[in-house]
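Structure at a glance
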Amino acid sequence: MENLISLVNKIQRACTALGDHGEASALPTLWDALPSIAVVGGQSSGKSSVLESIVGKDFLPRGSGIVTRRPLVLQLHKIDEGSREYAEFLHLPRKRFTDFAAVRKEIADETDRETGRSKMISSVPIHLSIYSPNVVNLTLVDLPGLTKVAVEGQPDSIVMDIENMVRSYIEKPNSIILAISPANQDLATSDAIKISREVDPTGERTLGVLTKIDLMDKGTDAVEVSWPIILVLLFDTRWFGNPPLSYTVLRNKVYCLHENCLMDKGTDAVEILEGKSYRLKFPWVGVVNRSQADINKNVDMIAARRREREYFSGTPEYKHLAHRMGSEHLAKMLSKHLETVIKTKIPGIQSLINKTIIELETELSRLGKPIATDAGGKLYAIMEICRLFDGTYKEHLDGVRPGGDKIYNVFDNQLPAALKRLQFDKQLSMENIRKLITEADGYQPHLIAPEQGYRRLIESSVISIRGPAEAAVDAVHGLLKDLVHKAVSETLELRQYPGLRAEVTNAACESLERMRAESKKATLQLVDMECSYLTVDFFRKLPQDVDKGGNPSHSLFDRYNDSYLRRIGSNVLAYVNMVCASLRNSIPKSVVYCQVREAKRSLLDRFFTDLGKLETKQLSSLLNEDPAVMERRTALAKRLELYRSAQAEMDTVAWSK
């Protein structure tokens with residue numbers, strides 16, 4: 001079972017090292033899922049003395065005002081008898097402290113490093129591990145003491161700031177509340193009980209500790225305080241008029257006899273400790289801390305524990321409760337309780353860790369990898385991203401991804417439809433045929449067949465195919481350009497770098513423009529070729545007039561009659577239709593060869609050539625990304641490291657069901 005506390009200790013240290021303090025943020029927190037014991041109490045409630053009694057060492061800073069200004073995660077590790085005690089701070093991993101006065105100083109110094117000397121507070125915890133044969137395995141979180149007034153140098157909001165910090169720790173369902181209340185104060189006004197009741201009204205998570213029980217007994221009739229404290233009490237609004245306060249000055253010191261500072265002779269705390277005054281799920285524990293005089297005299301903690309045992313066993317009112325009183329019992333009870341709670345929470349923590357690792361890995365993958373700082377690394381990164389884009393683009397063209405099928409639609413539907421819409425009838429009207437035949441004959445009519453007229457009629461008709469040919473080139477260009485934008489958006493790495501995304505998009509589109517120009521030139525050449533050289537075999541196979549019963553003895557001028565001209569128009573239309581059928585097959589070949597094929601082969605070739613000429617600064621500008629994205633990636637990487645570390649730690653620990 002002790003392995004469970006050690007496991008949580010390791011994960012808590014990892015949380016602190018990697019910035020997970022359980023604060024509200026956009027990152028998942030593991031800290032909140034870990035069971036912990038939060039020590040809560042008002043100022044001067046004896047909270048620090050309780051912790052020192054549990055540890056058996058003087059190690060906490062002392063003084064007036066707010067001394068604890070950062071949460072202190074105190075991890076106790078039991079070691080073999082006879083071993084030397086030592087302490088380690090997480091922020092000083094290779095340094096061992098054997099002098100606990102130095103531990104006290106380091107806590108104060110580390111607090112000032114985070115908060116400055118302004119007496120402000122911080123939610124960033126200090127991690128302290130103490131290894132001793134005189135402790136039990138236990139983890140406690142010492143929180144700043146609740147207060148009602150700000151001291152000099154602190155804003156008025158400090159009271160609420162401390163309360164909010166304490167509440168943020170104890171309101172979490174996995175938090176165990178150790179509520180420290182002094183016995184010489186009315187329990188109804190206890191700061192610890194009041195705030196604990198707010199977040200845990202049923203007392204299921206609250207463990208009560210009663211301090212200063214010995215101050216209620218005979219012989220204790222004064223609490224020594226300094227002049228500034230008396231002045232505060234004298235001018236407290238509750239005591240204006242006739243304050244219920246008497247004080248005596250002896251040897252330049254003031255002795256406060258206020259009713260809340262001590263109890264009447266014979267008063268005891270039995271009803272509280274037996275749970276009759278204020279019931280919690282778990283029994284109250286009473287402790288007797290060292291007095292200020294004991295602290296000033298450096299009374300040994302071991303001796304103090306012995307005196308505490310003797311006090312409870314020798315006091316008639318508490319003798320029947322002695323077996324569950326004292327700091328030693330408190331430490332053992334807390335350790336056992338923490339182990340039990342951890343054991344019940346382990347399955348849920350495991351599930352949370354596994355689920356969060358998947359979520360973090362997914363988001364990190366979406367954000368992309370960080371880029372190297374040297375020129376070679378930057379160039380390599382850009383090339384790799386461009387190759388990913390190029391691969392995505394090719395997948396669209398090859399049918400692995402959608403989009404490439406639209407190019408086939410241009411060839412199979414749009415081009416044939418455009419060819420069919422050509423108005424050859426207008427070119428081959430009787431008027432136009434007569435006009436062109438007559439103009440082609442010039443001053444001397446044709447003898448056998450109007451060859452020049454045929455050529456002009458065919459050329460004027462075929463030339464109109466340039467329009468559909470150009471339209472096919474432009475349509476494919478538009479589709480290729482759309483696929484560029486689609487591939488850019490689907491290349492996650494390009495989203496990461498707006499500068500590179502813009503440059504790749506521009507470079508790809510410029511390449512497509514050059515390919516379109518080449519394709520248009522080649523495709524229109526196909527049309528022009530059909531105009532420049534006619535297929536002779538087609539005309540040789542045409543029936544002659546004699547075969548059709550014509551009379552060759554007729555006047556040549558009779559050949560300009562409507563019947564003759566209609567036959568010419570019919571022949572020309574048949575030839576043009578043959579050319580259309582041929583171009584319908586050859587235009588797609590030209591377009592694919594000049595545009596689609598080249599886009600797959602060399603879309604970014606010129607960009608790569610120019611890229612090699614860029615200097616480091618220019619390469620860096622291409623890889624500039626949103627600072628928020630960079631910060632997010634760094635934070636996610638740290639958090640993922642934390643969860644993987646926690647996962648590995650949990651895998652090494654075996655526990656019984």
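Note that the coordinates shown come from a computational prediction; the quantities given were computed from them, not determined experimentally.

**Things to note about the overall build of the protein chain**
- The secondary structure content of the protein chain amounts to 23 helices and twelve strands.
- Here the protein chain, with 657 residues, has 47% of them falling under the buried criterion.
- Nonlocal contacts in the protein chain, meaning residues at least 24 apart in sequence, comprise 81% of its contacts between residues at least 6 apart.
- Total accessible area on the protein chain is roughly 33,600 Å²; 52% of this is exposed by carbon and sulfur atoms.

**Some remarks on the pairing of strand 3 (residues 86–89)**
- Where burial is concerned, the two faces of strand 3 agree: the one with Y86 and E88 and the one with A87 and F89 are both buried.
- Pairing of strand 3 with strand 5 (residues 126–132) involves four bridges; the strand directions are antiparallel. Considered in strand 5, the bridge of A87 is made with I130.
- Pairing analysis gives two bridges linking strand 3 to strand 4 (residues 92–97), with the strands arranged antiparallel. Its bridge partner being in strand 4, F89 is matched across the sheet by L92.

**Observations concerning the environment of D214**
- Mapping D214 onto the fold places it in the loop between strand 8 (206–211) and strand 9 (223–225).
- Between the C-alpha atom of D214 and that of F312, which follows or precedes it by 98 residues, the distance is 9.6 Å.

**Quick notes on the sheet that holds strand 2 (residues 72–78)**
- Strand order in the open sheet made by the nine strands is 4-3-5-2-6-1-7-8-12, with mixed pairing throughout. Strands at the two margins of the open sheet, each flanked by one partner only, are strand 4 and strand 12 (285–286).
- Relative to strand 6 (residues 138–142), helix 2 (residues 47–55) is tilted by about 160 degrees, and along the sheet it contacts strand 1 (36–41), strand 2, strand 5, strand 6, strand 7 (175–182) and strand 8.
- Contacts from helix 10 (residues 327–367) reach strand 1, strand 6, strand 7, strand 8 and strand 12, with the element oriented near 100 degrees to strand 6.

**As for the packing of aromatic side chains**
- In total, this model carries eight aromatic pairs according to the counting rule given.
- Relative to F312, the ring of Y311 lies with its centre 5.3 Å away and its plane at 80 degrees, an arrangement referred to as edge-to-face.
- The rings of Y311, F312 and Y318 are connected pair by pair, giving a single aromatic cluster.
- The lysine or arginine in question, R96, covers the ring of Y86, its NZ or CZ lying 3.9 Å from the ring centre.
- Across the ring face of Y169, the terminal group of K172 is positioned such that the distance to the ring centre comes to 5.3 Å.

**Details of the packing of helix 4 (residues 158–170) against helix 5 (residues 191–199)**
- Closest axis-to-axis distance for the helix 4/helix 5 pair is 10 Å, and the angle between their directions is 50 degrees. Classified by the interaxial angle, the pair formed by helix 4 and helix 5 is oblique. Like other packed secondary-structure pairs, helix 4 and helix 5 cross with a definite hand, here right-handed. Contact residues: E163, V166, R167 and I170 in helix 4; I195, E198 and V199 in helix 5.
- When the residues that make up the contact of helix 4 with helix 5 are grouped by side-chain class, the tally is four nonpolar, no polar and three charged.

**Comments concerning the environment of L207**
- Position of L207 among the secondary structure elements: in strand 8.
- Residue L207 is classed as buried on the basis of its relative accessible area of 1%.
- Remark: the alpha-carbon pair of L207 and I177, spanning 30 residues in sequence, is separated by 6.0 Å.

**Regarding the side chain of E106**
- Looking at the secondary structure, you find E106 in helix 3 (residues 100–115).
- Apart from residues no more than four positions distant in its own chain, E106 is found in contact with F89, H91, L92, F97 and R113.

**Some thoughts on the side chain of S511**
- By secondary structure assignment, the location of S511 is in helix 18 (residues 498–532).
- Polar contacts involving the side chain of S511 include one to the side chain of R514, which spans 3.0 Å.
- Filtering out sequence-adjacent residues up to four positions away, S511 remains in contact with S602 and L603.

**Section: the confidence of the model for the protein chain**
- Taken over all residues, the pLDDT of the protein chain has a mean of 80, while the share at 70 or more is 81%.
- Per-residue pLDDT stays below 50 along residues 217–266; that stretch engages in 64 contacts with residues further than four places along the chain or on separate chains.
- Below a pLDDT of 50 lies the segment residues 546–557, which in the model reaches six contacts outside its immediate sequence neighbourhood of four places, other chains included.

**Quick look at the pattern of salt bridges**
- Scanning the model with the defined rule gives 32 salt bridges in all.
- For the salt bridge of D390 with K394, the shortest nitrogen-to-oxygen distance reads 3.5 Å. With D390 and K394 both in helix 11 (residues 375–398) and four residues apart, the pair spans about one turn of that helix.
- Judged by relative accessible area, which is 16%, D390 ranks as buried.
- Where salt bridges share partners, they join E470, D474, E513, R516 and K520 into one cluster.

**Things to note about helix 9 (residues 301–314)**
- In this model, helix 9 (14 residues) spans 19 Å end to end at C-alpha, consistent with the 20 Å of a helix rising 1.5 Å per residue.
- Three or more residues of helix 9 are buried, namely M301, A303, A304, R305, E308, Y311 and F312.
- Considering only its buried residues, helix 9 is in contact with helix 2, strand 12 and helix 10.

Rules behind the numbers
Residues numbered from 1 in each chain as written. Predicted model: local features only at pLDDT ≥ 70, side-chain atom pairs only at ≥ 80, totals over all residues. Heavy atoms only, no water. Helix = DSSP H or I, 4+ residues; strand = E, 2+ residues; numbered from the N terminus. Buried < 20%, exposed > 50% of the residue type's maximum accessible area, 1.4 Å probe, protein only. Contact = heavy atoms within 4.5 Å. Areas by Shrake-Rupley, 256 points an atom, 1.4 Å probe, with all protein chains shown as cover. Pairing = 2+ DSSP bridges. Axes fitted to C-alpha atoms, helices over the stretch in contact; angles between N-to-C directions. Phe/Tyr/Trp six-rings, centres within 6.5 Å; stacked < 30°, edge-to-face > 60°. Lys NZ or Arg CZ within 6 Å of the ring centre and 35° of its normal. Parallel < 35°, antiparallel > 145°, perpendicular 65-115°, else oblique. Left-handed = near helix turned anticlockwise from the far one by under 90°. Nonpolar A, V, L, I, M, F, W, Y, C, P; charged D, E, K, R; others polar. Polar contact = N/O pair within 3.5 Å; in protein donor to acceptor, adjacent residues only side chain to side chain. pLDDT = per-residue confidence, 0-100. Salt bridge = Lys/Arg side-chain N within 4 Å of Asp/Glu carboxyl O. Expected span 1.5 Å × (residues − 1).

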